[in-house]
Amino acid sequence: MKAALPRELLASVVVFLVALPLCMGIAIASGMPPAKGLITGIIGGIVVGFLAGSPLQVSGPAAGLAVLVFELVRQHGMAMLGPILLLAGLLQLLAGRLRLGCWFRVTAPAVVYGMLAGIGVLIVLSQVHVMFDTAPQPSGLQNLLEFPATLSAALPQESTGAGWMAGALGLGTIAIMWGWERLRPQRLRFVPGALLGVASMTAISMWLALPVNRVQVPADLSEAIDWLRPEDLLQLADPTLLVAAFALAFIASAETLLSAAAVDRMHSGQRSDFDRELSAQGIGNMLCGVLGALPMTGVIVRSSANVQAGAQTRASAIFHGLWLLAFVVALSSVLQQIPVASLAGVLVFTGVKLVDFKAFRGLGRYGRMPMFTYAATALAIIFTDLLTGVLLGFALTLLKLAFKAARLKINLVSLAKDGHMELRLSGAATFLKVPALTQVLDTVPAGTTLHVPLGNLSYIDHSCLELLEDWSRSNSANGSRLLIEQRRLKRRIEGRLRTTAGVGA
């Protein structure tokens, strides 16, 4: 352990430098004070880092939850975020203890990628307003419609405001991040572009004494803690808050475990224990709820930086939380010089990265339906809300499954032996195919011996079996016979075949 300590310390510094601007920027995007994001980052590093089931994953405030938190704060107030987060964390803890971690990973990739894309667009639409030192609107559509007015007000024509100066700082941050991502030397790959962008724009704004909005961080971090009040817990009887807690728990868990799986693919060390990771996230979110901070997830940006910096144990995640705590306690005056527009630029860049067109094109390998699900989920999130978009994505996934499950090929062919025909069924014979099966049976000539092999069926339900038996009974008087060949059936037949006249094995 002592031999590995220098490597873990170096990795923790890299992760700290990545996490610092993101923690504050995500808090601002969530409609919360920047210090709330720092508290979540500290808990995610020290507490969750110690308990985590994914040793190289780093936890903290996530851009993927910023839209949901913003809406919750707008509708219910900042005080109610604590009880919602406490319940969501409890649900995560119970899910981990009940070993349900693997079930959170069954979410269709099209829904997850579509959710992240929709969230990314909403972050961009809201943060471009913040980048010009104006307040974002409550919905994505309103942010889009109000952007021309924000841009017009920021132009330096006759306006005495500093919107254009703030906008220049935000765009400068984006330009540095974009350029560093493509041109950085291999030896300096561990230096985060977000830190360079924010540090450069902060220095320029101080040098030119620009009158722009700056980060407001209390000198004493304890001033940013809003302890959970017992009377607020009574508000959880409101069904809308219960739904919000379940949605928060599900989305945070899905994002965490998908990130953990991605981190596992980046290294050859210890694999993730998803149930333990889920329990650790639940404890972390419960603490954040008690302290009135932001929700947390495992985050891929900080986690990938951790792996690339050479971390091999959970010590780097823990140390990064300690660095955050030390910096906020000792150098809060430095944070107070950071322009809000520069942090908004970091979030705009992050939001654009969440819209993964490569993933969208990759879904095309599996047909058009996954691509449609991706687009529908993203658009629903943009034009309605996060929960509606995710539910629509799930509904489309289930619709696709139902459609595939109901697919059945029906062919009626004549056999070599005179008066014998074969009804060939391939796929799943469910009640949805009873009308089509009835039409085919009506074309069977009187006096025919009808063979029905079941070996090519993956499933047959009671309604289709009863239809075949009813046909046998009603046509036995004209000399027709039904022979159901069960011995070639590959899968379970639902229900029991009745023994009737003319029905053979």
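Residues numbered from 1 in each chain as written. Predicted model: local features only at pLDDT ≥ 70, side-chain atom pairs only at ≥ 80, totals over all residues. Heavy atoms only, no water.

Colleague: I'd like to hear about the overall build of the protein chain, residue by residue, with values.
Modeller: Scanning the protein chain from N- to C-terminus turns up 20 helices and eight strands. A compact globule built from 505 residues should have a C-alpha radius of gyration of about 23 Å, whereas the protein chain, at 29 Å, is more than 25% larger. With the C-alpha coordinates aligned to their principal axes, the bounding extent of the protein chain is approximately 100 × 60 × 55 Å. Across the 505 residues of the protein chain, 53% fall into the buried class. At a minimum sequence separation of 6, the contacts of the protein chain that also span at least 24 residues come to 79%. Here the protein chain contributes 39 positive and 28 negative side-chain charges, whose respective centroids are spaced 12 Å apart. (Helix = DSSP H or I, 4+ residues; strand = E, 2+ residues; numbered from the N terminus. Rg over C-alpha atoms; globule rule 2.2 N^0.38 Å. Buried < 20%, exposed > 50% of the residue type's maximum accessible area, 1.4 Å probe, protein only. Contact = heavy atoms within 4.5 Å. Lys, Arg positive; Asp, Glu negative; His and termini not counted. Charge placed at Lys NZ, Arg CZ, Asp CG, Glu CD.)

Colleague: Please give an account of the domain arrangement of the protein chain that cites residues and values.
Modeller: When the domains of the protein chain are assigned, the result is domain 1 (4–401) and domain 2 (407–490). The centre of domain 1, based on its C-alpha atoms, is set 57 Å off from the matching centre of domain 2. (Domains from an automatic or database assignment.)

Colleague: Describe in detail the environment of Leu 335, supporting the description with residues and values.
Modeller: By secondary structure assignment, the location of Leu 335 is in helix α14 (residues 332–335). Exposure remark for Leu 335: the relative accessible area of 0% places this residue in the buried category. In this structure the C-alpha to C-alpha distance between Leu 335 and Lys 358, which are 23 residues apart in sequence, comes to 36 Å. If near-sequence neighbours (up to four positions away) are discounted, Leu 335 is found in contact with Leu 20, Met 24, Leu 38, Val 215, Val 217, Phe 327 and Val 328.

Colleague: If you had to explain the packing of helix α10 (residues 239–264) against helix α12 (residues 300–308) to someone new, which residues and values would you point to?
Modeller: Orientation of α10 relative to α12, taken along the N-to-C sense of each, is 20 degrees, at an axis distance of 10 Å. On the basis of the axis angle, α10 is roughly parallel to α12. Relative to α12, the crossing made by α10 is right-handed. Counted together, Ser 259, Ala 262 and Val 263 of α10 and Ile 300, Ser 303 and Val 307 of α12 form the full contact between these two elements. Here the residues of the contact of α10 with α12 are counted per class, giving four nonpolar, two polar and no charged. (Axes fitted to C-alpha atoms, helices over the stretch in contact; angles between N-to-C directions. Parallel < 35°, antiparallel > 145°, perpendicular 65-115°, else oblique. Left-handed = near helix turned anticlockwise from the far one by under 90°. Nonpolar A, V, L, I, M, F, W, Y, C, P; charged D, E, K, R; others polar.)

Colleague: Please provide a residue-by-residue account of the confidence of the model for the protein chain, values included.
Modeller: Per-chain confidence: the protein chain averages 86 in pLDDT, with 93% of residues scoring 70 or above. This stretch, residues 488–505, has a pLDDT under 50; its non-local contacts, to residues over four places away or in other chains, come to 42 contacts. (pLDDT = per-residue confidence, 0-100.)

Colleague: Explain the pairing of strand β3 (residues 408–414) to me, using residue names and the numbers behind them.
Modeller: Sheet topology places β3 next to strand β4 (residues 420–429); seven bridges connect them, and they run antiparallel. Along β4, the bridge assignment pairs Leu 412 with Leu 423. Between β3 and β4, which pair antiparallel in sequence order, lie five residues; one of them, Gly 419, sits at a positive phi of approximately 85 degrees. (Pairing = 2+ DSSP bridges.)

Colleague: Any chance you could break down unusual backbone geometry for me, citing the residues and the numbers?
Modeller: Positive phi, close to 60 degrees, is recorded for Arg 99, a residue that is not glycine. By the element assignment, Arg 99 lies in the loop between α4 (81–97) and α5 (109–130). Judged by relative accessible area, which is 57%, Arg 99 ranks as exposed. One non-glycine residue with positive phi stands out, namely Asp 133, at about 60 degrees.

Colleague: I'd love a proper account of a nonpolar patch on the surface, names of residues and values included.
Modeller: Where nonpolar side chains cluster on the molecular surface, the patch consists of Leu 90, Leu 94, Leu 98, Leu 100 and Trp 103 and spans about 510 Å² of accessible area. On the secondary structure map, Leu 98 appears in the loop between α4 and α5. By relative accessible area, which is 59% here, Leu 98 ends up exposed. (Patch = residues over 30% accessible without salt bridge, like charges linked within 9 Å, V, L, I, M, F, W, Y side chains within 5 Å. Areas by Shrake-Rupley, 256 points an atom, 1.4 Å probe, with all protein chains shown as cover. Salt bridge = Lys/Arg side-chain N within 4 Å of Asp/Glu carboxyl O.)

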